Every structure is written in structure tokens, then in C-alpha cells.
Amino acid sequence: QVQVVESGGGLVQAGGSLRLSCTVSGRTVSTSVIGWFRQGPGKEREFVAGINTIGNTNYGDSVKGRFTISRDNAKNTVYLQMNSLKPEDTAVYYCGSAIYFEISLYPHEYDYWGQGTQVTVSS
């Protein structure tokens, strides 16, 4: 059984940083695509960043240059380093796992999800 657990969210002032973690059990992160998504109140789930099996990465336009996704194979964990945070980054951040080669921007193509972690950026 695959389980996905996110952690690391919290309250931070604008301009600050947070690092989110996505730890997976039952599936190896290095042989799957891991995507970070976020969902604000009343909004659809939005692609933030993804990493594929060979380490290629992709980012949503709104976070390019500020967020970095990385992977620790030994810990079976994917990280999302978020710098220069803005109030509009406030959302619940979710981690999804998919068995594909390409990084999908679409939530329905990920078959396992975590419970989410809240990120709140104050102005």
C-alpha cells in the first residue's frame, strides 16, 4: 500500500522561506513522478513543481526562480524549498505520486496523494 505524507508547512512572513517534505512508503520516489500541487480557498488544485525518474524538474510559472524541488533517494523523500514567499503562495500544499515518465501538470494523473500541509504567508 502506498502512503504519502507531507510535512513542513506553517506560518511565515512575506519574503521568508519554508521547506516542505513529501515522504513516500510503498513506492520508490526515484522510479515515479512526484508532483507538488497547491489549493487555495475556492480555487482549483494548481501544479507547483514536479520531478521525474531521471531527475528532470518542472515548475509552475508563478513559482519559477523561487521554489526548488529535490529528491533524497535514501530517505525516499522529495523536498520543496520555497524562498521569497508571497501572500499569494498561501494554500494547502499536496504531494502526489504517479507512475509516468513525464511530469504531469494535471492532478487526475497522480494516483496517490497525501493529506496536505498548510502554508500561510502573512504580508
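Preceding block: the structure.
Residues numbered from 1 in each chain as written. Predicted model: local features only at pLDDT ≥ 70, side-chain atom pairs only at ≥ 80, totals over all residues. Heavy atoms only, no water.

K.L.:
Looking at this structure, how should I read the environment of Lys75?
P.N.:
Following the sequence through the fold, Lys75 ends up in the loop between β7 (67-72) and β8 (77-82). In this structure Lys75 comes out as exposed when scored by relative accessible area, which is 54%. For the pair Lys75 and Thr28, spaced 47 residues apart in the sequence, the C-alpha separation amounts to 9.8 Å. (Helix = DSSP H or I, 4+ residues; strand = E, 2+ residues; numbered from the N terminus. Buried < 20%, exposed > 50% of the residue type's maximum accessible area, 1.4 Å probe, protein only.)

K.L.:
Got a minute to help me understand the pairing of strand β4 (residues 33-39) in this structure?
P.N.:
Walk down a regular strand and you will see the side chains alternate between the two sheet faces. Within β4, 6 of the 7 residues are buried, leaving the element largely enclosed by the surrounding structure. Pairing of β4 with strand β9 (residues 91-98), which is carried by 7 bridges, proceeds in the antiparallel orientation. Note that in β9 the partner of Phe37 across the bridge is Tyr94. The sheet contact formed by β4 and strand β5 (residues 46-51) spans 5 bridges and is antiparallel. (Pairing = 2+ DSSP bridges.)

K.L.:
Just checking my understanding: could you explain the nonpolar core for this structure?
P.N.:
As a rule of thumb, nonpolar side chains are buried together in soluble globular proteins. Counting 26 residues, the largest nonpolar core has Trp36, Leu80, Met82 and Tyr93 as its most contacted members. Broken down by secondary-structure element, the contributors of at least two residues to this core are β3 (18-25), β4, β5, β7, β8, β9 and β11 (117-122). In terms of residue count, the dominant contributor to this core is β3 (4 residues). Contacts of Leu80, omitting those with residues within four sequence positions, involve Leu18, Arg19, Leu20, Trp36, Val48, Ala49, Phe67, Thr68, Ile69 and Tyr93. Grouped together as the second largest cluster of nonpolar side chains are 6 residues, Val33, Phe37, Ile103 and Tyr110 included. (Core = buried A, V, L, I, M, F, W, Y, C linked by side-chain atoms within 4.5 Å. Contact = heavy atoms within 4.5 Å.)

K.L.:
Help me out: how do you make sense of unusual backbone geometry in this one?
P.N.:
The general pattern is negative phi for most residues beyond glycine and trans for most peptide bonds. Here Asn76, not a glycine, exhibits a phi torsion of approximately 50°, which is positive. The residue Asn76 is located in the loop between β7 and β8 in this model. Even without being glycine, Ser84 reaches a positive phi, approximately 50°. Following the sequence through the fold, Ser84 ends up in the loop between β8 and β9. By relative accessible area, which is 41% here, Ser84 ends up partly exposed.

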